[in-house]
Each structure stands twice: as C-alpha cells, then as structure tokens.
Amino acid sequence: MSLAVTLPGLALKNPVMPASGCFGFGKEYSQFFDLNELGAIIVKAATGEARYGNPTPRVAETSSGMLNAIGLQNPGVDNIIADELPFLSRFDTPVIANIAGSTVEEYVKVAETLNKSNDLSAIELNISCPNVKEGGVQFGTDPELAKEVTYKVKQASNYPVYVKLSPNVTNITTMAKAVVDAGADGLSMINTLTGMQINLKKRAPIIANKTGGLSGPAIKPVAIRMIYEVRQALSDIPIIGMGGIMTAEDVLEFLLAGANAVAVGTANFQNPHACPEIIAELPGILSKYGFESVEEAIGKGHVHG
Amino acid sequence: MITKQSLEINSHIQIAEDTFEVVLQSSLSKELKPGQFVHIQLPGHMLRRPVSIANVNPEAETFTMIFKIFGEGTRNLSKYQAGEFLDVILPCGTHYPIEDLSLEHALLVGGGIGVPPLYYLGTKLKEKGVKVTSVLGFQSASHVFYEEKFQQLGETFIATNDGTYGQKGFVTDIISKLDKPIDYYFSCGPTPMLQAVTSQLADQKGYISLEERMGCGVGTCYACVVPLKADPSKNKKICKDGPVFPANEVNLA
Ligand SMILES: Cc1cc2nc3c(=O)[nH]c(=O)nc-3n(C[C@H](O)[C@H](O)[C@H](O)COP(=O)(O)OP(=O)(O)OC[C@H]3O[C@@H](n4cnc5c(N)ncnc54)[C@H](O)[C@@H]3O)c2cc1C
Ligand SMILES: Cc1cc2nc3c(=O)[nH]c(=O)nc-3n(C[C@H](O)[C@H](O)[C@H](O)COP(=O)(O)O)c2cc1C
Ligand code: FES
C-alpha cells in the first residue's frame, strides 16, 4: 500500500500533516511521538514582528468543534527562523511555514525573510485568518486583494506557495481561481468559519474578541463541499484539504472530494497522537474501500451529471 | 516527560456539595509536583478539561484530584466510578518551586477549586519542615472540604461567603488579622480572589496559580495566555510557562 503523494515542493511519505496553529512549532508534540511519522508539518503563522494576540478567553468549546480567536500570536519571522525551525530540520519531514500579515508589504517581507531559512519546503499563505482586525480575512474574501497578495508573495518567495482559502465567502471557486491565476502553486482549504458563542449566565460572548473561528468536525461537511467545488472547477491544482479531520475515514473522504493531501488541526488538542494514529489506520481504510494507494483515491468521489 | 495515559480510577467519592475526590492509578504519580495539573478527555467533548493534582501517593503509584461540577464536562466526570478509565495527559505545567526556596513559614491561600493543589503543596512543605498556615475560602458550609487534612499540616482558617461556616467573608478578611511573619505565600483560586490577595500581600514574596480556558494544554495553541506585569503587551502561556507564576510576574487586571 503506497501512502506517498507528491505535490509542488513536497515529496510526502504520507498525506497527513498537522495544520497551522494546532501544532505550534512541533517541540511539544515531539514528546508524544516521532515527528518522522508525519507526511509534513505546517507550523504556526509567522508575521513580520512578534505578535501577542487577542485578550483571553481565546477559545470556547462548541458541539463537535471549538471557536478560537488567538489573534495570530507568534514570535515573529526572525525568531521563528532562528529558534523554532532548526529543531524541525532534524526530522525527515518537510516543513511548511504559514505566513500572515496586515498589509501586502508585511506578507512580502515575511516571505522574503523566510527565503533565508534552509529548513523549509513550502509556504502556506494565510489570507484567511478571521481573528485579526486588519488584513487577514479581507485578503481572503476580496478576489482582487487575494490576487495581489498571492502574486507579490509568489514573486518574493523561493518556495512553492499554497494559498490558504477562507470559507467565509459566497463563492469559493471565484477565490480559488483568483489565486491560481496569480500564480499559486497549490491551495490549502479550509480555514475556520467565523462564529460566536454566548454565555447565558454572563449574557455576553465567551470569546473576548466576541467572534472566533469555528474548527473541528462541525465544519467538515463545509470543507468537503468546498474542496469538491474547487476540484470540479480546477482539475489540476494541488489541494491540501482540512477541516474537522479526526479519523482515517475522514482523510479518505477528503481525498475523494479532491484533496491531494490533508491537514489535521483541532484533533491534535483532543488527542496528541491523532496524526500518527490516523496515518497508521489509513492503509486499512484505503483497502477496505478498494484503493491500493492514496494517489488512486484522489478525486474519486465525484459523480458526473 | 509529558504523556497520554489511560488511567484506572481507584476511587471516586463525593466529599462536599458538587465536589468529588478521584484517585487515579498512574506509573507517573511519583513524578508529579505540587502545582502541576492533568488534562482530561471526556467522551463527547472536543476539548480536554484541566484539573490540578491534589495529592500523590508515591508508594501506591496513585494521585488524587478534586473537582467541582461547573458545567457539562465536570458533570460528566462526576458520573465516573471506580474501575473505569480516564484518558489523561500528564504532567502538565510548572510547579511551586519550593525546592529552590529557603523558607520557615508559608501561608497557603486557597479559594474553592483553587484549594486542591495547595493540599499537595502543604504536604511537601511540611515534609521539608516548613511551618504551614492555611486560609481557605468556600461558598458556604456545604462546599467545605479537606479542613481536617489542612489542620494536620498546620493552623487552618476557613472563610465562607455566606458565613454558614468559619468566618463570614473573604480569605482577605482573615489574612488581614494574621500578624505572624511569613516568608512566602502560595495562592490558587478565582482571579478576583488572586487580585485581592496579591494586592493585600504586595510586599510579600509569593507564587500564584492561574486558570484560563485551554485548547491544547501543552503549549502549542496560545489559547491560555496571561499578560506580564512588566509589559502587559507581552504574555506567557498558563499551560506551559504556568500555571504557577511568581506573584509579581503576571498582570491579573
Ligand atoms: C490549571 C488549571 C487547574 C484546574 N484545577 C481544577 C481543580 O483542581 N478542580 C476543579 O474543580 N477545577 C479545576 N480547574 C477548573 C476546571 O478546568 C473547570 O472547572 C472545567 O474545565 C469546567 O469544565 P465544564 O465542562 O464543567 O464547564 P463548561 O463551562 O461547560 O466548559 C466549557 C469550556 O470552558 C472551559 N472552562 C470553563 N471554566 C474553566 C476554568 N475555570 N478554567 C479553565 N477552563 C475552563 C472548559 O474546560 C471547557 O473547555 C482548573 C483549571 C485550570 C486551568
Ligand atoms: C487554535 C487554532 C489556531 C489556528 N491558527 C492558525 C494559523 O496561525 N494559521 C492558519 O492558517 N490557520 C490557523 N488555524 C486554522 C487551522 O489550521 C485549520 O485550517 C482549521 O482549524 C480547520 O481544521 P481543523 O478542523 O482540523 O482544526 C488555527 C486553528 C485553531 C483551532
Ligand atoms: S492551552 Fe494551548 S498553549 Fe496553553
């Protein structure tokens, strides 16, 4: 059974990687399992300078999911290159940096700075963070802005660029086409869906930022639908799929919808061993449903007419 | 080293209103230090629940936790029975660094579900020959637990909000009447209590243990931060840099 998949800049031994923001920079989870088992690792967002994020509470539990409004807290791109990425270079696992910014200039600066690191294989361009006041989500909801930032980051970066799409749009294929036209090497989808939870006793939103991004199994059907639509519109673009993956069956569902690889986010919090357990179960699930490799399953969930 | 274990419940008993004491069997018990917590998975819940370590029995390889029903997760936890298993990440966070401190007299100040970690701390202080005075606050008489156990560690004062037991009022009302010199205080409880205690004892050295809603509980998600006093635009993670902090390091406001 071959689990290997190849995407631009990424020769993956299996299609499963932790999602950005749900795995830090790998150190903590390396205490639970050998990071060599992972297909790749997507690290926490990098911005131009260190950011300390939003006030707390930053998370809330929902039915089948969670809300978060971390606010892109991270040590800044220079510290990430100096202090965080070298640790990951000891593993035989490709590392994908996630970049964020408030302005096109900040995105470009982070992308240029990351060229200095020898520890990366690709970058994920986060134009979809719903939790920061400036930038973030508006780049992910306006096709012209998305095009501009993708084009400029693509020009600035030595790495393949996967653009991470926001689900908080009416038409996901418009956004996907815009960033692919601008030169995106691949897509990563989906980021979180904006939501809110109100505390009955306190008569106020639980999250200090009021709104947060919904993740976990609650959003899986939205992710599957969006990947399916984008795959129909763009048959060749590499897609890293994510949103609510908890099991190897979920991975197969994403592959069938058209994802070439997948990322696991919130599940890591519930089970630090989520990624290696899913990877271990994947061959059995693929053969149970009649596939001999991961590659064979990609896009096979589409019906015509 | 932090791990995930499936732990058998040795005993699970109610010790006060809505309050339960659970003893778990774990090979890691003897490594658990006062102030650390465990992160518990409950079926049907996306996120784990953090609960402090309230005592350790190294010979039996067990540890104790005490929790109060607060919402659905802790209600679910209250229904477990001896012989069942819990999925637990442990040990999490920092501990009260008593091995590095020279002290003769310690003051423990606990409120509600902040009382449990102080019991384990108190036993360790007593082992070191430190004199322990405890001031514990509860909602009302029916919520009081572990009074006798704290009395075995040293002088113990109880305050209840409604005056149904001990002194009516807050822990700070009792502290203001204590005139004995202390070297360090150690406090855990709701944030308003910690604010009152840290400002009342501003000229004393102390350590406090904080609570915040958590995601991962291991330091990867940045959910659980607390601003720093020196520069409130910066912060630290409660689950990994804490939950125990020097009292003057963090900004509770
Ligand atoms: C380091 C630490 C140690 C703790 N030790 C103890 C202890 O020894 N005994 C005890 O009874 N309680 C303790 N708590 C508080 C306990 O974690 C909460 O009461 C519990 O998470 C509430 O869950 P719930 O499902 O009953 O409530 P819900 O309100 O339904 O929970 C919803 C969400 O909010 C979170 N949440 C709600 N209140 C708190 C809180 N006070 N702190 C952190 N997360 C919260 C829950 O974990 C969950 O993710 C501790 C908290 C922390 C951070
Ligand atoms: C706590 C938390 C922090 C996140 N931080 C980031 C981030 O920094 N950059 C990013 O592109 N996505 C971030 N995400 C989104 C995830 O990478 C992922 O797209 C989303 O959570 C859906 O996957 P899941 O349901 O498996 O979690 C974050 C999600 C969570 C829950
Ligand atoms: S709960 Fe994730 S960093 Fe503290």
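Residues numbered from 1 in each chain as written. Chains lettered and ligands numbered in written order. Predicted model: local features only at pLDDT ≥ 70, side-chain atom pairs only at ≥ 80, totals over all residues. Heavy atoms only, no water.

For clarity, the cut-off: UniProt positions are given in the numbering used here, feature names are shortened, and annotations may be inferred rather than shown by experiment.
An unreviewed UniProt entry lists chain B under the name Dihydroorotate dehydrogenase B (NAD(+)), electron transfer subunit, from Gracilibacillus oryzae. Of chain B, the UniProt comment under Function (unreviewed entry) reads exactly: "Responsible for channeling the electrons from the oxidation of dihydroorotate from the FMN redox center in the PyrD type B subunit to the ultimate electron acceptor NAD(+)."

Chain A is annotated in an unreviewed UniProt entry as Dihydroorotate dehydrogenase of Gracilibacillus oryzae. Its UniProt record gives chain A the following Sequence similarities (unreviewed entry) comment, quoted word for word: "Belongs to the dihydroorotate dehydrogenase family. Type 1 subfamily." UniProt annotates chain A under Pathway (unreviewed entry) with the comment "Pyrimidine metabolism; UMP biosynthesis via de novo pathway; orotate from (S)-dihydroorotate (NAD(+) route): step 1/1."

Let's talk about the UniProt feature "binding site: [2Fe-2S] cluster" (unreviewed entry) in chain B
Let me state the cut-off plainly: We place a 1 Å grid over just the protein atoms. Points where a 1.4 Å probe fits but has no way out form a cavity, open points with protein on both sides within 12 Å along at least 5 of 7 lines form a pocket, and any residue with an atom within 4 Å of a point lines it. By the criteria applied, helices consist of DSSP H or I runs no shorter than four residues and strands consist of E runs no shorter than two, each listed in order from the N terminus. The criterion used for residue contact is that any of the two residues' heavy atoms lie within 4.5 Å.
The residues that UniProt annotates with the feature "binding site: [2Fe-2S] cluster" (unreviewed entry) are C216(B), C221(B), C224(B) and C239(B). A compact arrangement is adopted by the annotated residues: their sequence extent is 24 residues, whereas the largest C-alpha distance between any two is 10.1 Å. The subset of these annotated residues that lines the largest cavity comprises C221(B). Tracing the backbone through its elements, the reader meets C216(B) in the loop between β13 (205-209) and β14 (225-227). Excluding its chain neighbours within four sequence positions, the residues that come into contact with C216(B) are Y29(A), F269(A), H39(B) and C221(B).

Things to note about the site of ligand 1
Residues and elements named next belong to chain B. To keep it simple, the criterion reads: We define proximity as follows: a residue is near a molecule or strand when any one of its heavy atoms falls within 4 Å of that partner. A 3.5 Å cut-off defines polar contacts: any pair of N or O atoms within that distance qualifies, except that in protein one atom must be a possible hydrogen donor and the other a possible acceptor, and neighbouring residues in sequence count only when both atoms are side-chain atoms.
Taken together, 21 residues lie near ligand 1, and R49, P50, G71, G73 and T74 sit nearest. The contact in question runs from a nitrogen atom of ligand 1 to an N or O atom on the backbone of I66, over 2.8 Å. Between ligand 1 and K68 there is a distance of 2.9 Å, counted from an oxygen atom to a backbone nitrogen or oxygen. If you list the elements that add at least two residues to the shell around ligand 1, you get β4 (49-52), β6 (62-68) and α1 (72-78).

A word on the site of ligand 2
All names here are of chain A. Put simply, the rule reads: Values of accessible area rely on a 1.4 Å probe in the Shrake-Rupley scheme; residue burial ignores everything except the protein chains shown. Here the criterion for a molecule occupying a pocket or cavity is that more than half of its atoms lie within 2 Å of the pocket grid points.
If you check the shell around ligand 2, you find 24 residues, and the closest are S20, K164, G216, G244 and T266. G216 is positioned such that a nitrogen or oxygen atom in its backbone is 2.8 Å from an oxygen atom of ligand 2. Contact distances for ligand 2 include 2.6 Å between an oxygen atom and a side-chain N or O atom of T266. Look at ligand 2: alone it shows 610 Å² of surface, and the protein chains cover 98% of it. The site holding ligand 2 turns out to be the largest cavity.

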